[in-house]
Amino acid sequence: MAQNNGRTAEATLADGTKIQYVIKDNPPRGGMKYTYFAPDKSYVVQFYNDPSVTNDINLRKRIEAIIGKYNPTLPEQKGGARGNSETMAQYFAGKFCWPTAIVVQPEFGIVSPAYPSNFFFGENASVIPELNKDMKGKDKKSKWFTSPKLRKYLKESELGDFRSMLQMSISLARSVRRMHQAGLAHSDLSCNNVLIDPPTGGCVVIDIDSLVVPGLYPPEVMGTTGYIAPEVLETTKFPFGDPKRILPSSYTDLHALAVLIYEYLLLRHPLVGPKFYSNDPVEDDFLSMGPKALFIEHPKDHSNRPKDLRVTIKDLGSELESLFLRAFVNGLHSPDDRPTAMEWEKALVRSWDLLHPCENPKCREKWFIMHDISNPVCPFCGTRVKKEDVLRLTLKSQIRGKTGQWIKSGEITVYHNMPLFKWHVYANTFPDEKTDRDLMAYICKQNGQWLLINYNINGMTSPQGNLVPQGKAVLLSNGAVFRMSGDPNGLLVEVSCGK
Amino acid sequence: MADYTRRLPVYLLLDCSGSMMGEPIEAVKQGIKALLSELKGNPQALETAYLSVITFDSTARQVTPLTELMQFKEPQISAGGATAMGGALRVLMECAEREVHKSTEGQKGDWRPLVFILTDGCPTDTSAFNQAVQDLRAVKFGNIIACAAGSNADTTYLKQITENVLMMNTLSAGDLAKFFAWVSASIGVSAKACDAAPGENFELPPPPKGFVVVP
């Protein structure tokens, strides 16, 4: 075998195209597949551990559908998902490592793009010099960044901060929402299949070949411990194909999604606490993740609550708190009650607008969600925000057909150099794959005063009703009310200070 | 916050008898190096796996106690002497008894240990071996995988220890390297998956090509 190491081999794709890959001894191997890289590393060729899949017609049909009509990374006119534009395809191409072709020779396999280089560790990621050579080139599985033990091995420059964790949570929720919107379920979302790059806030979902595709025979995957929904774990005693066996679906994805978001934001697992279930570790884990799973922050049952819990879901604001309660209290054993990916995406985006930089230069998390302006304290380090720096903008949209009647649509807590985008200006836009990220306005503090500067908005008016042209600013003083834009969808802003 | 992560103890039982002298023992040393390097790049393994090495020649001893991967120092090993495989199993049971945390109220116990045995011969301490095999049945291990390397390895003894017996036709550096790569993949899978219903063992990745699973 050794003489084959480094040899370039040729694979034939389903359409007859031939591509090259480099054979390596002991290639990276997962539970299902092993991976060879292209000579220029721009794509990977993956074969299955079990070569009998060559004859698995269900697998082939599923992958054909995934590559084609369900593919959100390919525009519709190039054979991708229905309604997918070039922009949307481009957006999701950066969020998924979506397979591009089926290999038929030398055996059944798939081709996927290689993920961007920022999702691989460089030469200098660890504080422990001898670990660097082992980590170099390894992919940035989420686990590296959510395990307190592993974080200690990483350089601070690799770790990002609370804001980057929130950014990646939004990205993940959006990617899952996109799959679910098409009726697809990932079926094995986990800290291994979501790669993250905290310094850039990037997040990419991988292992797309085991998706559950509507109307097609489901893949025989169970998921990864810690992310398997309780009902799936509980019914593994039934054989595959038994109607009592609950298989991965979008509902079980929603459990895994909530676990990942919780891990990103709070750096711990929502179900792993001190509660003792059994002397037998296998049984103990089965019960603690399955039939007896209990949220460590359960509001009434404190039997799994770590004694030294400091930052909790309450510190994330009421919106995220209530979603976590739905996911891990009401919805833990009742899949229908779990928040959808769309709900997560919305709540996370709204929480993003409440981010505030911590003034303590030594604060590890650097940012926090300032959800309570009457008590503006960083939950991570305890630093209180100065009174003059607490300013909230309440955004209101006009109720359709009822001129002069407004309903609250969002909130912003301001900080110096905060950028504002279309969704802060117009009621009918949402920050998703369709909306551009062009700067519309920004907020800054100058000579002790807070200003909102119009960068690219037409028809902004001042609290006094005067037009605020581009390049000019509105003074944000307590009680001020003004229109972001005179457009019918233009939002109304109310300014309030902390007490 | 307190750490509630469960540890995965991994015991490597390595044959260092005289027949391993020369290339094989060097390949084993390289294999351990590669194994460590691979596992340190795997976040799950780095978080949960703890490694111990037990060697056996005319006697058996634990050369590295169960150690966190980051603290693990490659042991000094050399080949010579007979094949006290029974002694090695005895040492394994003693070490596991002492080192593996049991689950109790207030303490997250360890996973059942994963055991890899590599040998190129057969036990020379047969009565100790037979007794050890008897006693081993009472101890709960996650998975015991025995690998018979080279043409002199006798799988019938290994079959008494575990159902998972692999055969490697040669003791070449290449084959031993593959063995260690497979060990690291198995540890990686165990550390992340253990996706079994209670009582089931971990599902291990398929052995590399060139290996024969003894039926």
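Numbering of residues starts from 1 in every chain and runs along the sequence as written. Each chain takes a letter, starting from A, and each ligand takes a number, starting from 1, following the order in which they are written. Local features in this predicted model are restricted to residues of pLDDT 70 or higher, and side-chain atom pairs are both shown and tallied only at a pLDDT of 80 or more, whereas totals for entire chains, interfaces and linings draw on every residue.

**A word on the sheet that holds strand 11 (residues 391–398) of chain A**
Residue and element names in this part refer to chain A.
Here is step 1 of the chain: Strand order in the open sheet formed by 4 strands is 12-11-20-19, and the pairing between neighbours is antiparallel. If you trace the sheet from one side to the other, it starts and ends with strand 12 (406–413) and strand 19 (481–483), each paired once. Across this sheet, the average inter-strand angle for adjacent strands is 25°, counted without regard to direction.
Here is step 2 of the chain: Bridging between strand 11 and strand 12 involves 7 bridges; their strand directions are antiparallel. When DSSP finds two or more bridges between a pair of strands, those strands are recorded as paired. Elements are defined by DSSP. Helices are runs of H or I of four residues or more, strands are runs of E of two residues or more, and each kind is numbered from the N terminus. To obtain each axis, a line is fitted to C-alpha atoms, and for helices this fit is confined to the stretch in contact; angles are then taken between N-to-C directions over 0 to 180 degrees.

**Things to note about the interface of chain A and chain B**
Here is step 1 of the chain: Contact with chain A, which involves 38 residues of that partner, is made by 36 residues of chain B.
Here is step 2 of the chain: When contributions to the side of chain A that touches chain B are tallied by element, the ones reaching two or more residues are helix 3 (129–135), helix 4 (143–146), helix 5 (148–151) and helix 10 (281–289) of chain A.
Here is step 3 of the chain: Take the side of chain A that touches chain B: its biggest share by element is 5 residues, from helix 10 of chain A.
Here is step 4 of the chain: Gly is placed with the polar residues, together with every amino acid not listed as nonpolar (Ala, Val, Leu, Ile, Met, Phe, Trp, Tyr, Cys and Pro) or charged (Asp, Glu, Lys and Arg). Grouping the constituent residues of the side of chain A that touches chain B by class yields 15 nonpolar, 11 polar and 12 charged. Contacts are defined on C-beta atoms placed from the backbone: any two residues whose C-beta positions lie within 7 Å are in contact.

**A look at unusual backbone geometry**
Backbone geometry follows two general trends: most residues other than glycine have a negative phi, and most peptide bonds adopt the trans configuration.
All names here are of chain A.
Here is step 1 of the chain: That bond from Q105 to P106 is cis: its omega, 5°, falls within 30 degrees of zero.
Here is step 2 of the chain: Of note, P106 is situated in the loop between strand 5 (101–105) and strand 6 (109–113).
Here is step 3 of the chain: The phi dihedral of N447 is positive, around 50°, even though this residue is not glycine.
Here is step 4 of the chain: You can see N447 is positioned in the loop between strand 14 (441–446) and strand 15 (449–454).

**With respect to the sheet that holds strand 15 of chain A**
Residue and element names in this part refer to chain A.
Here is step 1 of the chain: Read from one edge of the open sheet, 4 strands run 13-14-15-18, paired in antiparallel fashion. With one partner strand each, in any of the chains shown, strand 13 (418–420) and strand 18 (473–475) form the two edges of the open sheet. Taking the axes of each pair of neighbouring strands and ignoring which way they run, one obtains an average angle of 25° across the sheet.
Here is step 2 of the chain: With 3 bridges joining them, strand 15 and strand 18 adopt antiparallel strand pairing. Residue pairing in the sheet places L451 in a bridge with L475 of strand 18.

**Structural notes on the nonpolar core**
Soluble globular proteins: nonpolar side chains tend toward being buried together.
Here is step 1 of the chain: Core analysis: the largest hydrophobic core is formed by 128 residues, its most contacted members being A:A173, A:V194, A:L257, A:A258, A:L260 and A:I261.
Here is step 2 of the chain: Examining the composition of this core, we find that 12 residues originate from one element, helix 9 (residues 250–266) of chain A, more than from any other.
Here is step 3 of the chain: Leave out the neighbours within four places in its chain, and A:A258 touches A:F324, A:A327, A:F328 and A:R338.
Here is step 4 of the chain: Under the definition applied here, buried Ala, Val, Leu, Ile, Met, Phe, Trp, Tyr and Cys residues are grouped into a nonpolar core through C-beta atoms within 7 Å. Three classes are used. A residue is buried when 20 or more other C-beta atoms lie within 10 Å of its own, exposed when 12 or fewer do, and partly exposed in between, with C-beta atoms placed from the backbone. In this structure, B:C16, B:V100, B:L118 and B:I144 belong to the second largest nonpolar core, which totals 66 residues.

**Quick look at the pairing of strand 4 (residues 43–48) of chain A**
It is a general feature of regular strands that their side chains alternate between the two faces of the sheet.
Residue and element names in this part refer to chain A.
Here is step 1 of the chain: With 5 bridges joining them, strand 3 (residues 33–37) and strand 4 adopt antiparallel strand pairing. Looking at the pairing, T35 lines up with Q46 of strand 4.
Here is step 2 of the chain: Where strand 3 hands over to strand 4, the hairpin turn is made up of 5 residues, of which K41 adopts a positive phi near 65°.
Here is step 3 of the chain: For strand 4 and strand 6, the ladder comprises 5 bridges, and the chain directions are antiparallel. Paired with F47 across the strands is G109, a residue of strand 6.

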